Amino acid sequence: MQMMQEEFNTLLEKHHLKKTGPRLSVLSVLRSRDMATSQPELEEILGKEIDRVTLYRVLSTFEEKGIIHKVLDLKGTANYAICSAKCNEHEHHDEHVHFNCTDCNHIYCLDGHVHLPEISVPKGFKSTSVNLSVYGVCSKCNKKAE
Ligand SMILES: [Zn+2]
Ligand SMILES: [Zn+2]
Ligand SMILES: [Zn+2]
């Protein structure tokens, strides 16, 4: 746990953000989960620790600064996951495949598992990010069926 605290402090410092209780709590929840987390889930996990407005602000600041990225689940709800170290306040570089489980509706970042293909765009178009999604059943849901 101590190790994690330090990692979070460094992360906030790197992005010129003050260390606040709510920020550290959100980071530790997002880091501890192997899937992306929605705001309602965060509200449930954090309980009364953070009010809704503060949580919303923490998430939007983190997204702006390149600490977390947003992925929409199958219901269109925004889910958040920790970014790669390459992300900053100017650009996100989360060019990894997202796995959407059609059973539990969770999203997993498939960081480093799959390489994204080069996507060529028509002349005059300029692409700034690529978002690839895979749909199926995650390992947890898959086990339930066995
Ligand atoms: Zn990012
Ligand atoms: Zn699942
Ligand atoms: Zn991701």
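Bear in mind the structure is a predicted one, so any value in this text is a computation, not a measurement.

So, how was this worked out
Residues numbered from 1 in each chain as written. Chains lettered and ligands numbered in written order. Predicted model: local features only at pLDDT ≥ 70, side-chain atom pairs only at ≥ 80, totals over all residues. Heavy atoms only, no water. Axes fitted to C-alpha atoms, helices over the stretch in contact; angles between N-to-C directions. Helix = DSSP H or I, 4+ residues; strand = E, 2+ residues; numbered from the N terminus. Parallel < 35°, antiparallel > 145°, perpendicular 65-115°, else oblique. Left-handed = near helix turned anticlockwise from the far one by under 90°. Contact = heavy atoms within 4.5 Å. Donors = N, O, S within 2.8 Å, 3.2 Å for Na, K, Ca; no water. Tetrahedral: all angles 85-135°; square planar, octahedral: opposite > 155°, others 65-115°. Buried < 20%, exposed > 50% of the residue type's maximum accessible area, 1.4 Å probe, protein only. Patch = residues over 30% accessible without salt bridge, like charges linked within 9 Å, V, L, I, M, F, W, Y side chains within 5 Å. Areas by Shrake-Rupley, 256 points an atom, 1.4 Å probe, with all protein chains shown as cover. Salt bridge = Lys/Arg side-chain N within 4 Å of Asp/Glu carboxyl O.

*Asks:* Help me get a handle on the packing of helix 2 (residues 21-32) against helix 4 (residues 52-65), residues and values and all.
*Replies:* Taken N-terminus to C-terminus, the directions of helix 2 and helix 4 make an angle of 70°; their axes are 10 Å apart at the nearest point. With respect to helix 4, the element helix 2 is oriented roughly perpendicular. For helix 2 against helix 4, the interelement crossing comes out right-handed. Residues Pro 22, Arg 23, Val 26 and Leu 27 of helix 2 pack against Thr 54, Leu 55, Val 58, Leu 59, Thr 61 and Phe 62 of helix 4.

*Asks:* Go over the coordination of the zinc ion (ligand 3), please, and point to the residues and values.
*Replies:* For the zinc ion (ligand 3), the full set of protein donor atoms is His 69 (NE2), His 96 (NE2), His 98 (NE2) and Cys 109 (SG), at a range of 2.0 to 2.2 Å. Coordination at the zinc ion (ligand 3) is tetrahedral, judged from the four donor atoms that bind it and the angles of 101 to 113° they form at the metal. Going along the chain, you hit the donors of the zinc ion (ligand 3) in the pattern H-x26-H-x1-H-x10-C. Taken together, the positions of His 96 in the loop between strand 3 (78-82) and strand 4 (97-101) and Cys 109 in strand 5 (residues 107-110) put the pair 13 residues apart, joining distant regions of the chain. Assessed through its relative accessible area of 2%, His 96 is described here as buried. A relative accessible area of 24% places Cys 109 in the partly exposed class.

*Asks:* Account for the coordination of the zinc ion (ligand 1), naming residues and giving values.
*Replies:* Octahedral six-donor coordination of a metal ideally yields angles of 90 or 180 degrees, compared with 109.5 degrees for tetrahedral four-donor coordination. Protein ligation of the zinc ion (ligand 1) involves Cys 83 (SG), Cys 87 (SG), His 92 (ND1) and Asp 94 (OD), the donor distances falling in the range 1.9 to 2.3 Å. Read from N- to C-terminus, the donor residues coordinating the zinc ion (ligand 1) fall into the pattern C-x3-C-x4-H-x1-D. With a relative accessible area of 12%, Cys 83 lands in the buried category. Take His 92: its relative accessible area is 28%, and that puts it in the partly exposed class.

*Asks:* Provide a residue-level description of a nonpolar patch on the surface, including the pertinent values.
*Replies:* Nonpolar side chains collect at one region of the surface, where Ile 119, Val 121 and Phe 125 lie side by side and expose about 290 Å² of accessible area between them. Locating Phe 125 in the fold gives a position in the loop between strand 5 and strand 6 (132-136). On the basis of relative accessible area, Phe 125 is assigned to the exposed category, the value being 58%.

*Asks:* Could you give me a rundown of unusual backbone geometry, with the residues and numbers involved?
*Replies:* For His 16, which is not glycine, the phi dihedral falls at a positive 55°. Residue placement: His 16 occurs in the loop between helix 1 (2-14) and helix 2. Even without glycine at this site, Asn 105 takes up a positive phi of about 70°. Counting through the fold element by element, Asn 105 comes out in the loop between strand 4 and strand 5. Overall, Asn 105 belongs to the buried group, its relative accessible area being 15%.

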